[in-house]
Amino acid sequence: MTTTPLPPTIPDEDLRRAPPREQLTVIAEAVRPGSIVSTVTRLRGGVSSGIHAVQLRGPGKRLTSVVVRRYGRWRVEHDPQVARREWAILTALARVAVPTPVPLWLDAEGAVCGCPTIVTSRLPGSGLLAPRDPAGFARGLALTLAAIHAAPLEATELAVLVDQRTGPANLLERDEPPPDLAALPRLREVWTMLHRWWPRVRAALAVGSPRLVHGDFWPGNTLWRYGRLTGVVDWEQVRRGDPTQDVGCCRVDLTMLFGLDVAATFLSTYEATSGLTVSHLFFWDLYTTTWAIESLDQWVQGYHDLGRTDLSVDEARARLGLFIDDALARAAVALTAVTDAAGPVIEQTEE
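So, here is what we can say about the structure in this document. Everything numeric here is computed off the predicted structure, so don't read it as measured data.

The rules behind these values
Residues numbered from 1 in each chain as written. Predicted model: local features only at pLDDT ≥ 70, side-chain atom pairs only at ≥ 80, totals over all residues. Heavy atoms only, no water. Axes fitted to C-alpha atoms, helices over the stretch in contact; angles between N-to-C directions. Helix = DSSP H or I, 4+ residues; strand = E, 2+ residues; numbered from the N terminus. Parallel < 35°, antiparallel > 145°, perpendicular 65-115°, else oblique. Left-handed = near helix turned anticlockwise from the far one by under 90°. Contact = heavy atoms within 4.5 Å. Nonpolar A, V, L, I, M, F, W, Y, C, P; charged D, E, K, R; others polar. Phe/Tyr/Trp six-rings, centres within 6.5 Å; stacked < 30°, edge-to-face > 60°. Buried < 20%, exposed > 50% of the residue type's maximum accessible area, 1.4 Å probe, protein only. Expected span 1.5 Å × (residues − 1). Bend = angle between axes of the 7 residues up to and from the residue. 1 Å grid on protein atoms, 1.4 Å probe; cavity = no way out; pocket = protein on both sides within 12 Å on 5 of 7 lines; lining within 4 Å. Points joined across faces, edges and corners; volume = space filled by probe spheres on them. Pairing = 2+ DSSP bridges.

Here we take up the packing of helix α9 (residues 244–258) against helix α10 (residues 260–274). Where α9 meets α10, the axes come as close as 7 Å, and the angle between the chain directions of the two elements is 150°. Comparing the axis directions of α9 and α10 gives the class roughly antiparallel. Our pair here, α9 against α10, has a crossing hand that is right-handed. Between α9, through V247, C250, R251, L254, T255 and F258, and α10, the contact on the second element is made entirely by L260, V262, A263, A264, F266, L267 and Y270. Here the residues of the contact of α9 with α10 are counted per class, giving 11 nonpolar, 1 polar and 1 charged.

Spelled out as structure tokens, the structure:
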């Protein structure tokens, strides 16, 4: 059996540094022939990729701002097709009413920068994690997420995306939590509840019509200007499946940033706007907490990078604990309801 070789990669720690000038010169000529590189600025917030804003000058006096995203070693090893997939979904979204960057140049094989790279337009605005009106901020996020999930994509466009079931299956279709996670605080009780619910959630996903799922929809992947949301970025974890995953993902971050009430405002606005049935929300809430439990220090560092230096790891952990308590309670109530109605929950079986 022949294994397709991975594209070349660079260490994740090197992603903060701008690409060398000779690489940027090649990109400038490919994106806008006759232009030269004027300025390069690192954009904060990226963890598994390096993101830099590059201003191109010319031809003539014309200025063009683009974003160069280089995918790091961890991301490429876990998803060798990440650059092609992000290019494909941005290409599809360019024709619908969703504020996303326009794809301009793709180097999926890493021939220029030594790693898979994509160049897109630069949207107006910047990251915002300290809004004056957190509730209004949450409503803006919910309105945009509803528009994303309503995007009229073709079946062929969705088909190139990763099936959402892959992630939960890798985590939950086993007898015990992964060894590297089992000892983390609260992970075992969260995993146990997810494990009990997964057969039912998996069955529902198998019969439902898949929709576009951003895969990492949190406030740090949105841009804002004058109090308005101007863009949604970072589509490297895009999926097809149940959009409730995005709702749960954003609710976890909103809770750690602002508290449970703001997360509730986000949910009510999304439900009212989308008209979608938010099913098994407790499952996707808990699923996202497994990411937070594993990488809480990195999450808080990401918050600090975007201006929330007031939020400590201890405060984030306390708010995350309240979120977990609430989701576990809702999951337990739902479990009792389905058990009373239909007997014991189906146990995990091999397919």
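Don't stop here, the text continues.
For the rest of this paragraph, the subject is the packing of aromatic side chains. For the coordinates displayed, the defined rule picks out 9 aromatic pairs. Ring centres of F137 and F258 lie 5.9 Å apart, and the angle between their planes is 70°; this geometry places the pair in the edge-to-face category. Of the two residues, F137 sits in helix α4 (residues 134–149) while F258 sits in helix α9, which places them 121 residues apart along the sequence. You'll find F137 and F258 in the same group, each marked buried. Seen in terms of ring centroids, W284 and Y287 are 5.7 Å apart; in terms of plane orientation they differ by 85°. Their pairing is edge-to-face. Of this pair, W284 and Y287 both sit in helix α11 (residues 281–294), 3 residues apart, which is roughly one turn of that helix. By way of ring pairs, the aromatic residues W198, F283, W284, Y287 and W291 are connected into one cluster.

The end-to-end C-alpha distance of helix α8 (residues 187–207) is 29 Å, a good match for the 30 Å that 21 residues give at a rise of 1.5 Å each. Along α8, the sharpest kink reaches roughly 45°, centred on W198 and followed within four residues by the proline P199. The complete set of buried residues in α8 reads L187, V190, W191, M193, L194, H195, W197, W198, P199, V201, R202 and L205.

Moving on: the layout of surface pockets. Taken as a whole, the second largest pocket spans an internal volume of roughly 360 Å³. Forming the boundary of the second largest pocket are 22 residues, of which L205, G208, S209, G241 and D242 lie nearest the centre. If one sorts the elements of the lining of the second largest pocket by residue count, α8 sits on top with 4 residues. Looking at the lining of the second largest pocket, its residues break down into 10 nonpolar, 7 polar and 5 charged.

The 5 strands are arranged β1-β2-β3-β5-β4 in an open sheet whose pairing can be described as antiparallel. Two strands bound the open sheet, and with one partner strand each, they are β1 (36–42) and β4 (103–107). On average, each strand axis in the sheet is inclined to that of its neighbour by 25°, with strand direction left out of account. Bridging between β4 and strand β5 (residues 117–121) involves 4 bridges; their strand directions are antiparallel. Along β5, the bridge assignment pairs L106 with I118. Packed onto the sheet, helix α1 (residues 21–31) meets β1, β2 (49–57), β3 (63–71), β4 and β5 and runs at close to 115° relative to β1.

This part covers unusual backbone geometry. With an omega of -5°, the peptide bond running from G58 to P59 counts as cis. Tracing the chain through its elements places P59 in the loop between β2 and β3. Here the phi dihedral of R186 falls at roughly 75°; this positive angle occurs in a residue that is not glycine. Among the structural elements, R186 can be located in the loop between α7 (179–182) and α8. For R186, a relative accessible area of 27% gives the class partly exposed. The backbone phi angle of Y226 is positive, close to 50°, even though this residue is not glycine. By the secondary structure assignment, Y226 is in the loop between β8 (222–225) and β9 (228–232).

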